[in-house]
Amino acid sequence: MYARQFEELDVWRNARTLCTAIIAVSQRGRFRADDVLRKQIYRAALSIVSNIAEGFESRTIGLNREFLGRAKGSAGEVRAQLHIARDLGYLDDSVYAELLAKVRHCSAQLQRYMARLH
């Protein structure tokens, strides 16, 4: 089925869920006090959701691919920041594993979505 709005895309819905989870976890405990990492991971997670939407609403398939590529890059950024947050003790093992799985899933969805665009 062809999506008429970006809100219908599974990849966008999953990125939105990831983003809200990242924001929620970054507001707790010692993570909250680390303004630099907290703001950076927040922006990177928000960038995934925003770039998927912006690409979908763009004028051309080429622009859509470009924005999806940016979203995938931001997913990589979130992954890197999750590793740092875990290393600093801001995330326990279960939260870290859950968020890492979500961002990896989102990245794989983005890859498949980009491959389907002609």
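Residues numbered from 1 in each chain as written. Predicted model: local features only at pLDDT ≥ 70, side-chain atom pairs only at ≥ 80, totals over all residues. Heavy atoms only, no water.

Novice: Explain the overall build of the protein chain to me, and be specific about the residues and the numbers.
Specialist: Within the protein chain one finds 5 helices and 0 strands. Across the protein chain, helices and strands are ordered from the amino to the carboxyl terminus as α-α-α-α-α. Over its C-alpha atoms the protein chain spans a radius of gyration of 15 Å, differing by no more than 12% from the 13 Å that the globule rule assigns to 118 residues. Principal-axis analysis of the C-alpha atoms gives the protein chain an extent of 45 × 25 × 20 Å. Considering the protein chain as a whole, with its 118 residues, one finds that 43% of them fall into the buried category. A fraction of 70% describes how many contacts in the protein chain between residues 6 or more apart in sequence connect residues 24 or more apart. Total accessible area on the protein chain is roughly 6,700 Å²; 52% of this is exposed by carbon and sulfur atoms. (Helix = DSSP H or I, 4+ residues; strand = E, 2+ residues; numbered from the N terminus. Rg over C-alpha atoms; globule rule 2.2 N^0.38 Å. Buried < 20%, exposed > 50% of the residue type's maximum accessible area, 1.4 Å probe, protein only. Contact = heavy atoms within 4.5 Å. Areas by Shrake-Rupley, 256 points an atom, 1.4 Å probe, with all protein chains shown as cover.)

Novice: Explain the packing of helix α1 (residues 10-26) against helix α3 (residues 35-56) to me, and be specific about the residues and the numbers.
Specialist: Taken N-terminus to C-terminus, the directions of α1 and α3 make an angle of 165°; their axes are 9 Å apart at the nearest point. Between α1 and α3, the crossing angle belongs to the class labelled roughly antiparallel. The hand of the α1/α3 crossing is left-handed. Two secondary-structure elements touch here, α1 through V11, W12, A15, R16, L18, C19, I22, I23 and S26 and α3 through R38, I41, Y42, A45, L46, I48, V49, I52 and A53. Considered class by class, the residues forming the contact of α1 with α3 number 15 nonpolar, 1 polar and 2 charged. (Axes fitted to C-alpha atoms, helices over the stretch in contact; angles between N-to-C directions. Parallel < 35°, antiparallel > 145°, perpendicular 65-115°, else oblique. Left-handed = near helix turned anticlockwise from the far one by under 90°. Nonpolar A, V, L, I, M, F, W, Y, C, P; charged D, E, K, R; others polar.)

Novice: Please give an account of the environment of I84 that cites residues and values.
Specialist: Relative to the assigned elements, I84 resides in helix α4 (residues 61-87). Along the backbone, I84 and A3 are 81 residues apart, and their C-alpha atoms lie at a distance of 36 Å.

Novice: Tell me what's going on with the packing of α1 against helix α5 (residues 93-116), and back it up with residues and numbers.
Specialist: Two numbers describe how α1 lies on α5: the axes approach to 10 Å, and their chain directions differ by 155°. Our classification of the angle between α1 and α5 gives roughly antiparallel. At the point where α1 passes α5, the crossing takes the left-handed sense. For the pair α1 and α5, the contacting residues are D10, V11, N14, A15, T17, L18, A21, I22 and V25 in the first and V95, L99, K102, V103, H105, C106, Q109, L110 and Y113 in the second. By residue class, the composition of the contact of α1 with α5 is 12 nonpolar, 4 polar and 2 charged.

By themselves these figures say nothing about function.
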